[in-house]
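Structural description and commentary
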Amino acid sequence: MLLAQQLTESADILEVANTGSFWNILTFVVFTPLVGALVLLAIPKANQQALKVVALGTTLVAAGLGVVILTQFDFGDASAKQLGANIGWIEVINSRYIVGIDGISLPLLMLTLLIMPLVVIYSWNHIPSPGNPKAFFALQMVLMTGMLGSFVALDLILFFVFFEVVLLPMYFLIGVWGGEQRQYASIKFFLYTLFGSALMLVAFLALYFLSDEVLTPSGNVMHSFDMTLLPALATGISAGAALWIFGGMFIGFGVKVPMFPFHTWLPDAHTQAPTVGSVILAAVLLKLGTYGFMRIAIPILPDAAKSWAPVIGILAVIGIIYGALCCLAQTDMKRLIAFSSVAHMGFTMLAISTLTDFGFNAALFGMVAHGLITGMLFFLAGSTKERYHTLEIKRLGGLLKQAPHMGWIMGLAVMASLGLPGLAGFWGEFPAILSAYDPAEGLNVALFRTLMVIAAVGTVLAAGYLLWLYQRVAFGTPSAEFENDPNIVDVTTTEWIAWTPLIVLIVVLGMVPGILFNVTNPAVGVALSAIGA
Amino acid sequence: MNILAAVGVDNPPLDWHALAPELVLVGLLAVLLLVDAFGGERSRWAMPSLTGIGLLAALIPVATLAYDGVVRSMFDGAYVVDNYALLFKALFLIAGYVVVLLSTNYIAEGDYWEGEYYQLLVASLLGMTVMASARDLISVFLALELLSIPAYMLAAWRKRDLGSEEAGMKYYLMGVFASAILLYGMSLLYGMTGSTLLVDIAGAIEGTEVPALVALAVVLVVVGFAFKVSAVPFHTWAPDTYQGAPTPVTAFLAVGSKAAGFVALMTVVLIAFPTQPRIFEPLIWALAAVTMIVGNLIALRQTNLVRMLAYSGVAQAGYILAPLAVAGVSGASAAMAVEAVSTYLVIYAAMNLGAFAVVIAVARKTGSAEIDSYGGLFSYSPVLAVCMSVFLFSLAGIPPLAGWYGKLTIFLALIEPGTLAGYILAVIVGLASVIALFYYARVAKVMFVDPAPDGDTTPIRVPMSLAAALTITVAVTLVVGVLPQVLARVTGAETFLSIGG
Amino acid sequence: MLLTDISPLLSATTAGESYSDFVRSYLTVAIFGLLALGMVALLLGVGSIIRPNRPQPGKYLTYESGVDPVGEAWPQTQVRYYIFALLFVIFDVEAVFIFPWATRLDSETALVDSSGNVFEILGPYGSYGLVKMLLFIAVLALGLVYAWRKKVLRWM
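The structure presented is a predicted model; accordingly, all values stated were derived computationally and were not measured. (Residues numbered from 1 in each chain as written. Chains lettered and ligands numbered in written order. Predicted model: local features only at pLDDT ≥ 70, side-chain atom pairs only at ≥ 80, totals over all residues.)

1. Describing the overall build of chain A
When helices and strands are tallied, chain A shows 20 helices and 6 strands. By the compact-globule yardstick of 24 Å for 533 residues, chain A fits well, its C-alpha radius of gyration being 23 Å. When the backbone C-alpha atoms are referred to their principal axes, chain A occupies close to 85 × 60 × 40 Å. The buried share of chain A, taken over its 533 residues, is 61%. (Helix = DSSP H or I, 4+ residues; strand = E, 2+ residues; numbered from the N terminus. Rg over C-alpha atoms; globule rule 2.2 N^0.38 Å. Buried ≥ 20, exposed ≤ 12 C-beta atoms within 10 Å, placed from the backbone.)

In structure tokens:
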């Protein structure tokens, strides 16, 4: 912490200035759910209707702010960090309250803002045992703040805080409202993620100390946690240290994605989580990992990323094939969808590991598409469980007969998930495979082309297990035990409201992928500028 | 030479302002004693209020001294009042105030000597405030004994309870054993250097002709303090003592006594041994690593919450020791270690006192500290369950609860010097935190998921004083977690630990 | 590290200059200890060789003077004695501090070095010292008052 005047000779030091104020639109959108959670806590437990209304109102206000953000966002300059602020927070370590969004974070922010109201609507009549909507919704609101914050934070410590805030509510959502094995699943989820984030934090701090210093607004020369400055500040880090630092982040983000071999928490967590928990997990939480790679690890340490890229690529493809094979062996519908997540996130990671514009665009599209489609599938699994009280595939059947609308919606979701052209899933999967044909300069082309071929085989397997699932669940005649079950009804009103936006987006993004690619493309270019692709 | 004559210099000028916090405590002690002696049974109710008011009154001179901002040094530098000392004086006084809040109903409703309880508490706190300023072997030792001896008695305060008597006895025996070791180390230091002043010792042992003796002295001193802070393998007294002692006393030991031990260790190591990093660094490194790992692993298997908190406290001691293991690399690393240790101690005090406050509140209903007895707490006393979760997850270091910032400062201090030892220890801290989370989360799970074991779901009535203690601790845990700058401004001040003399 | 540094200490008996007087003073203690042990061993050894050995039960009694011991050798002492012993400490400590203090209350003290030369003269404590000692006694008296009010002074 030397004073500025002592360092006049090093004129090329970066200067940081305070910009914007704390009270900006991103702050509002991030903390609205937290305010909602506090309001929920003040409402008596018995007044369930008020609790639901407040929860829904909060998510809708946040979503409304999201619309405002869309109107304010300058799409012509999607590569720049917009609408944010950069002000002091923890001055002793020069950790700052830096927020902002660009073309990479905007889609994920919008995805979160979309999913959360739907989740609340879906919960309207589906509060899982043991009830207690007050805590249920309050936790979801805290979770939402964590997720939104992670996507807008541009300071490593701020990001870490939001990243961890996500943990606790999810732990409780699984541990309290989950299935029979909920304790095991929630603890496993918690430990895996925390293990990853502990290493990630060490990596962040090593990055902090080894990178160059900046001049803070208060006139001190200090290291920085600023994600937007670190790509320039970290160029002086030795190659060996960079490899280790990247390794720490790799584990931290890799657990969250989850990448093979850190994925084992995911099937348990998904299977045991309540429906809305699974939806949030699949739609948003997993994206935090891939987002971390795209926003932090790769732009800041491009050279280390190149060294790690083959490892990431190979693990991604192992994840694709392994996930698919596991899917084929599942007897439980929810578990099958969970393993399909492992496979799908494998495609995303493969696209990321190519370190190309094309791959990053594909990865972002894949993240959004996976969020919509797998979210939808988990909603369907939850509703199936409500009706049949089981998710055992061999006991199900004839959904199209008993609940035709639901059957068709499931058909659409399954087709989207296996990557049918014209639906959103296609634009996540196909370009991801294609991107491996031509990886960034300096990467082993032969290796990546091999990976591409294996990944393509993965899509065939995906078609196999998804169609098999659909056939067993939707086709045929209902089994004797459910034939005249009055519980089995078609899509209810709340389900229609919750699902329609997802269905519409799956179709629209499938037909007009450009609306997303146009936003992501400029920002991706900036993230990869140091790779030289 | 006449030793008595040698220490007698012309009446040393006394800085009454600098001594004011301690003088207030001495006055409080006298008032409590007289009220207890002459007030009879009627005065019992006044004891906790008097003590609380007295402790808050002692905070006033601490505040004026901090506002004044001058480093005051007395007795040739043996007693220094600087920001470092003031921070810890304030910490001890506030922690003591919270302990009084925790004790009020517990002591009044049990079969206890009430007057003496508060007198001993104040005496022990007096020792702690002296410790914060001690910069000399004699004042360090004096403060250590002044804070320990009342604590030995307090640990055995549950009369006719074998567990409590065992607690007091174990604590006493291990305590005096540690004192003896410490004293032996100190005597070697004095023998070699001819001075008890920490600064003089630092100069005298640099380049000494008998490095083996210096090593022996440093090791003995560090080990002596390792008992006090319950570092593995010198932790064996802690679980039995914590479990057997009255719970407010346990809270006091786990927070106040331990913090005082760390203050002493940090002061002595950083002022007297800065030239000997190759002796104290590997020693503290090993102590910290073993303490974190063993403490957490044993905590995993506990079924009693107080015992679990005891082992978790052992593990936390490992985290707090860690920065000192790299403190000798440079001046900057020493400064960061001081910052990390003091930050963590403040945060640790808030979250641990809070956890014990919940334990006391719940025991009022269930009469038990077994983890199973916390089943269903969320359903019948949601506020307590949420408070407990806040403290437990803060102990685990989950943002945005204060614990995360404590962990962060420790990571920062470990990584800053850029040594391999620091990196490895940082990774161990990370992994140990993950293990720790497991048992903290298990308690949370029991509170939120499991049913009440006896089916009794009448809400717990929390007395006013306990509610106040919970409010203070929750507020600190949340505020520091969200706005760490509040604390960082105090602990990060320049020339934080002045050497004095 | 530790082991290699200790080696000069271990081999130091020949290299007299390499270690301090401080360590040598410990050597004196050690020599005395060894001498004491050796003396005991020698006397007992010689005794056991030359004395006649005729064991009988009476020789193992605590007292051989004719009074038979009654009861256990570990009786509990009345707890009241301990309290009186503690009270005694109050006055004892007072005395330990007051005597040396009294020698300097009203007169100068000369500091002499080992060869008898005066190198510093310290002034008397005076009234300032008197007040301090009164405070000290007052604090101790507080303890006595407490003991009195708690009826410790009554033999019950």
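That was the structure; now back to the text.
2. A look at the overall build of chain C
When its secondary structure is counted, chain C shows 4 helices and 2 strands. Buried residues in chain C amount to 1% of all 156 residues. Nonlocal contacts in chain C, meaning residues at least 24 apart in sequence, comprise 32% of its contacts between residues at least 6 apart. (Contact = placed C-beta atoms within 7 Å.)

3. Some points on helix 4 (residues 126-149) of chain C
Between its first and last C-alpha, helix 4 of chain C extends 34 Å over 24 residues, near the 34 Å set by a 1.5 Å rise per residue. In the segment just after helix 4 of chain C, C:K151 is the residue with positive phi, at about 60°. (Expected span 1.5 Å × (residues − 1).)

4. Quick notes on the interface of chain B and chain A
Between chain B and chain A, the contact holds 26 residues from the first and 28 residues from the second. For the side of chain B that touches chain A, the secondary-structure elements that each account for two or more residues are helix 17 (403-415), helix 18 (420-448) and helix 20 (485-491) of chain B. A breakdown of the residues in the side of chain B that touches chain A according to their chemical character gives 19 nonpolar, 5 polar and 2 charged. (Nonpolar A, V, L, I, M, F, W, Y, C, P; charged D, E, K, R; others polar.)

5. Section: helix 12 (residues 302-328) of chain A
Taking 1.5 Å as the rise per residue, helix 12 of chain A with 27 residues should run 39 Å; its terminal C-alpha atoms sit 37 Å apart, in good agreement. If you look at helix 12 of chain A, its biggest bend is around 45°, right at A:W308, and the proline A:P310 turns up within four residues after that. (Bend = angle between axes of the 7 residues up to and from the residue.)

6. What to know about the arrangement of the chains
Across the 2 pairs of chains that are in contact, the largest number of contacts falls between chains A and B. The two units chain A and chain C remain apart, with a minimum C-alpha distance of 30 Å.

7. Digging into unusual backbone geometry
In this structure, the amide linkage connecting A:F260 to the following residue, A:P261, adopts the cis form with an omega of 0°. Tracing the sequence through the fold places A:P261 in the loop between helix 9 (239-256) and helix 10 (265-272). Positive phi is not limited to glycine here, since A:H389 has a value of about 60°. Position of A:H389 among the secondary structure elements: in the loop between helix 14 (357-388) and helix 15 (399-402). In the Ramachandran plot, B:D76 falls in the positive-phi region, its phi being about 60° despite a non-glycine side chain. With respect to the helices and strands, the residue B:D76 is situated in the loop between strand 1 (72-74) and strand 2 (79-81).

8. Digging into the packing of helix 13 (residues 333-353) of chain A against helix 17 (residues 424-435) of chain A
Residue and element names in this part refer to chain A. Where helix 13 contacts helix 17, the axes come no closer than 8 Å and their chain directions differ by 40°. In this view, helix 13 runs oblique relative to helix 17, as classed from their interaxial angle. In the packing of helix 13 onto helix 17, the handedness of the crossing is left-handed. Between helix 13 and helix 17, the residues in contact are F347, T348, L350 and A351 and G428, E429, A432 and S435, respectively. For the contact of helix 13 with helix 17, the per-class residue count stands at 4 nonpolar, 3 polar and 1 charged. (Axes fitted to C-alpha atoms, helices over the stretch in contact; angles between N-to-C directions. Parallel < 35°, antiparallel > 145°, perpendicular 65-115°, else oblique. Left-handed = near helix turned anticlockwise from the far one by under 90°.)

9. Regarding the environment of A:I409
All names here are of chain A. In this fold, I409 is placed in helix 16 (residues 404-417). Between the C-alpha atoms of I409 and L380, which are 29 residues apart in sequence, the distance is 8.4 Å. Setting aside anything within four residues of it in sequence, one finds I409 in contact with L380, V491, W499 and I503.

10. Digging into the pairing of strand 2 (residues 118-122) of chain C
All names here are of chain C. Burial analysis of strand 2 places just 0 of its 5 residues in the buried class, a small minority of the element. Of the pairings in the sheet, the one linking strand 1 (residues 109-112) to strand 2 comprises 4 bridges and is antiparallel in character. Among the inter-strand pairings, V112 is bridged to a residue of strand 2, identified as V118. (Pairing = 2+ DSSP bridges.)

11. Comments concerning the confidence of the model for chain C
Residue and element names in this part refer to chain C. Mean pLDDT over chain C works out to 76, with 83% of the residues at or above the 70 mark. Confidence, read as mean pLDDT per element, is least for helix 1 (residues 2-10) in chain C (37) and greatest for helix 2 (residues 21-50) (89). As a predicted assembly, this complex carries a pTM of 0.80 together with an ipTM value of 0.75. (pLDDT = per-residue confidence, 0-100.)

12. Regarding the confidence of the model for chain A
Averaged over every residue, the pLDDT of chain A is 87; the share at 70 or more is 97%. The element-level mean pLDDT for chain A is lowest in strand 1 (residues 2-3) of chain A, coming to 42, with helix 12 of chain A highest at 92.

13. Examining the environment of B:A334
Residue and element names in this part refer to chain B. Position of A334 among the secondary structure elements: in helix 14 (residues 331-366). Assessed through the 24 C-beta atoms surrounding it within 10 Å, A334 is described here as buried. As a C-alpha pair, A334 and A413 span 79 residues in sequence and 8.4 Å in three-dimensional space. Discounting residues that sit within four places of it in the chain, A334 has contacts with L270, P274 and A327.

14. Side note on the packing of helix 12 of chain A against helix 13 of chain A
All names here are of chain A. At a minimum axis distance of 7 Å, the contact between helix 12 and helix 13 shows a crossing angle of 155°. Taken as axis vectors, helix 12 and helix 13 run roughly antiparallel relative to one another. Handedness of the helix 12/helix 13 crossing: left-handed. In this structure, helix 12 contributes A309, I312, G313, A316, V317, G319, I320, G323, A324, C326 and C327 to the contact, and helix 13 contributes L336, F339, S340, V342, A343, M345, G346, F347, M349, L350, I352 and S353. When grouped by side-chain class, the residues that make up the contact of helix 12 with helix 13 number 17 nonpolar, 6 polar and no charged.

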